[in-house]
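# Geometric and topological summary
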Amino acid sequence: MRRTVLALALLATLPACSLFRKAKLTDSTPAHTPAQNSTPFGEWVLFTDPNQTAFVGARRVDLSLTPSSFRMVATYPAGDQVVITGPASITPSGLLTLMPQSTTAMASGGRPPILAGQTIQVLASAADNTMVFASPEGMNPTPTSVWHRVAKAREAGQVPVPARTAGTDSL
């Protein structure tokens, strides 16, 4: 009798163990989720410390990038704001060329970080809400700056929501 009860108990647990193993092995959560958006075009905010870039001393740097133009706005603690605009182009391999045509002067009299006529070329790689710039030289590019999409950076609390005034954009 005892053997019969033990045998029935073992038979009852086998299917449960088998179902448990199957559920564990067939987990539907993928280990890697591919990027949904890889375009470098859009509204970006510099995530890298500006002191490690051309924008030394800036509190915030925004970049608006379209297939044909760009607009950078660097805001400094003293209230200076430098606006750099011009045409932009990108190759299929990710070589981004910015050609500043207009750079506003700093109210403090300091030299703007990028001058009109100073062409900038970087490798640009974007995936979802992050974009990385790297020097186009060398076989193993080292990131020179990291940018986050403005909307997602705001959602994450990394960028304050600006006070909106008539005629201003998100930059």
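Refer to the structure printed above.
Thresholds applied
- Residues numbered from 1 in each chain as written.
- Predicted model: local features only at pLDDT ≥ 70, side-chain atom pairs only at ≥ 80, totals over all residues.
- Heavy atoms only, no water.
- 1 Å grid on protein atoms, 1.4 Å probe; cavity = no way out; pocket = protein on both sides within 12 Å on 5 of 7 lines; lining within 4 Å.
- Points joined across faces, edges and corners; volume = space filled by probe spheres on them.
- Helix = DSSP H or I, 4+ residues; strand = E, 2+ residues; numbered from the N terminus.
- Nonpolar A, V, L, I, M, F, W, Y, C, P; charged D, E, K, R; others polar.
- Salt bridge = Lys/Arg side-chain N within 4 Å of Asp/Glu carboxyl O.
- Buried < 20%, exposed > 50% of the residue type's maximum accessible area, 1.4 Å probe, protein only.

### Structural notes on the layout of surface pockets
Space left empty within the atom packing is revealed by a probe, the size of a water molecule, rolled over the atoms. Considering only enclosed or pocket space, the largest pocket measures out at about 280 Å³ in volume. Around the largest pocket sit 15 residues that line it, and Thr 53, Ala 54, Phe 55, Ile 114 and Ile 120 are the ones nearest its centre. For the lining of the largest pocket, the elements supplying multiple residues, two or more each, are strand S7 (120-127) and strand S9 (143-149). Residue contributions to the lining of the largest pocket peak at 3 residues, all from S9. Partitioning the lining of the largest pocket into residue classes produces 10 nonpolar, 5 polar and no charged.

### A few points about the pattern of salt bridges
Considering all chains together, one arrives at 2 salt bridges under this definition. Between Asp 62 and Arg 60 there is a salt bridge, with its nearest N and O atoms 3.0 Å apart. Like Arg 60, Asp 62 is buried. For the salt bridge of Glu 155 with Lys 152, the shortest nitrogen-to-oxygen distance reads 3.4 Å. Of the two residues, Glu 155 and Lys 152 are both situated in helix H2 (residues 150-155); the distance of 3 residues between them amounts to about one turn of the helix. Using a relative accessible area of 61% as the deciding quantity, one classes Glu 155 as exposed.

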